[in-house]
Every structure is written in structure tokens, then in C-alpha cells.
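Tertiary structure, described
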Amino acid sequence: MFDVTTAGRRNEFQFDRGAGLRESLEGLLLHDGVGLDARMRHAISAVVHLAVDAPLGLPEDAEEFLGRLDASWLFAAWNDSDQELSLLNTLCGGEVPALSWCELMFTTALAPWSGAPAAVHARRIFGNEQARLAAVSGDC
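A brief report on the enclosed structure follows. In this text the structure is predicted, and so the values were computed from the model without any measurement.

For any two aromatic rings, the description comes down to two numbers: the centre-to-centre distance and the angle of the planes. Inspection of every chain in the model, using the stated rule, returns one aromatic pair. Aromatic side chains Phe65 and Phe106 sit 5.2 Å apart centroid to centroid with 85° between the ring planes, which places their arrangement in the edge-to-face category. With Phe65 in helix 3 (residues 62-67) and Phe106 in helix 6 (residues 98-109), this pair connects stretches of sequence that are 41 residues apart. Of the residues examined, Phe65 reaches a relative accessible area of 0% and is grouped as buried. Classification of Phe106 by relative accessible area gives buried; the value is 0%.

Enumeration according to the criterion identifies two salt bridges in this entry. Its salt-bridge partner being Arg22, residue Asp53 comes within 2.7 Å of it at the nearest N-O pair. Here Asp53, found in the loop between helix 2 (38-52) and helix 3, pairs with Arg22, found in helix 1 (residues 19-30); they are 31 residues apart in sequence, far enough to count as distant. Residue Glu64 pairs with Arg68 through a salt bridge whose shortest N-O separation is 2.8 Å.

Listed in full, the buried residues belonging to helix 5 (residues 82-92) are Glu84, Leu85, Leu88 and Leu91. Summarising the axial view, the buried residues of helix 5 lie within an arc of 120°, below the 170-degree limit, and thus occupy one face. Within helix 5, the exposed residues directed more than 90 degrees away from the buried face are Asp82, Gln83 and Thr90. Packed against the buried residues of helix 5 are helix 2, helix 4 (71-77) and helix 6. Once helix 5 ends, the next one or two residues include Gly94, with phi positive near 95°.

This part covers the packing of helix 2 against helix 6. Two elements in contact, helix 2 and helix 6, have axes separated by 10 Å at closest approach and are oriented at 75°. As summarised for this structure, helix 2 and helix 6 are arranged roughly perpendicular, according to the angle between their axes. In this structure, helix 2 uses Met40, Ala43, Ile44, Val47 and Val48 to contact helix 6, whose residues at the interface are Ala98, Leu99, Trp101, Cys102 and Phe106. The residue makeup of the contact of helix 2 with helix 6, split by class, is ten nonpolar, no polar and no charged.

Criteria and cut-off values
Residues numbered from 1 in each chain as written. Predicted model: local features only at pLDDT ≥ 70, side-chain atom pairs only at ≥ 80, totals over all residues. Heavy atoms only, no water. Phe/Tyr/Trp six-rings, centres within 6.5 Å; stacked < 30°, edge-to-face > 60°. Helix = DSSP H or I, 4+ residues; strand = E, 2+ residues; numbered from the N terminus. Buried < 20%, exposed > 50% of the residue type's maximum accessible area, 1.4 Å probe, protein only. Salt bridge = Lys/Arg side-chain N within 4 Å of Asp/Glu carboxyl O. Arc of directions from axis to C-beta. Contact = heavy atoms within 4.5 Å. Axes fitted to C-alpha atoms, helices over the stretch in contact; angles between N-to-C directions. Parallel < 35°, antiparallel > 145°, perpendicular 65-115°, else oblique. Nonpolar A, V, L, I, M, F, W, Y, C, P; charged D, E, K, R; others polar.

Have a look at this one:
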């Protein structure tokens, strides 16, 4: 995982706080990729980006992440970004909207009632990411 992105000038770097969380969440649904076509792979990545990189900051836990998978919430959060709004329109369109499918898949994967190893691991993603960020920023 590479979570430092180049900013404005050549020697100026900016830490991408959401890189690890995005990678973990995408990996949650893409880890085996069985039955996923390219369209759904892109949809998962797009939904994760929209929910994690929202202007309001990173989601604090799985419940907040799942709450952000609501089209109304996402449209309100990204109302000043034409590119993200266009992406949302694409995700919400069609006979079977990709946003709804991703919401179902993430809700199932992060379900608190599930004892499946993948669900248990997924619920730890947020705890581990928050602990890592606290260690980097010096907060405890």
C-alpha cells in the first residue's frame, strides 16, 4: 500500500489518510472476485471512494460508513463536485443500480450479526485503521 501522494510542487507530499481504509474496504468485496465483472469492480471502487473520501472526513466506524452508502447522503456531501456527482448519477442509474448492490454487499459483509470470518475481519478494519491513524498523528 502506498499512501503518500504527490501534491502541488515536486518536493511537497501530502499524506492520504483514507488510502488504507479504501484498500481494506475494496478488498473486502474484491478479495476473491468470483462472479464480478469489470463494471461491478469499478462500482465498488467508486462507492468506496465516495463514502471514504467525502468532504466531511473519514467515517469513524462501520455504521457510519454504511450510513454514507445512501444516495441522498452522498449527493448532499458531494454537491460541490461535478465529477463525483456525475459518478453518483451513473451509480444510481440503470435497472439494477450499482449503488444499491454495493450497499447490500457492504451491509452483509459488515453485519454485526454475522460470525463469518470475513465479517469479523471486516468489522476490525475500522478499529485497526483508527488505531493506526492515532499512532501516526500522536493521538491516543
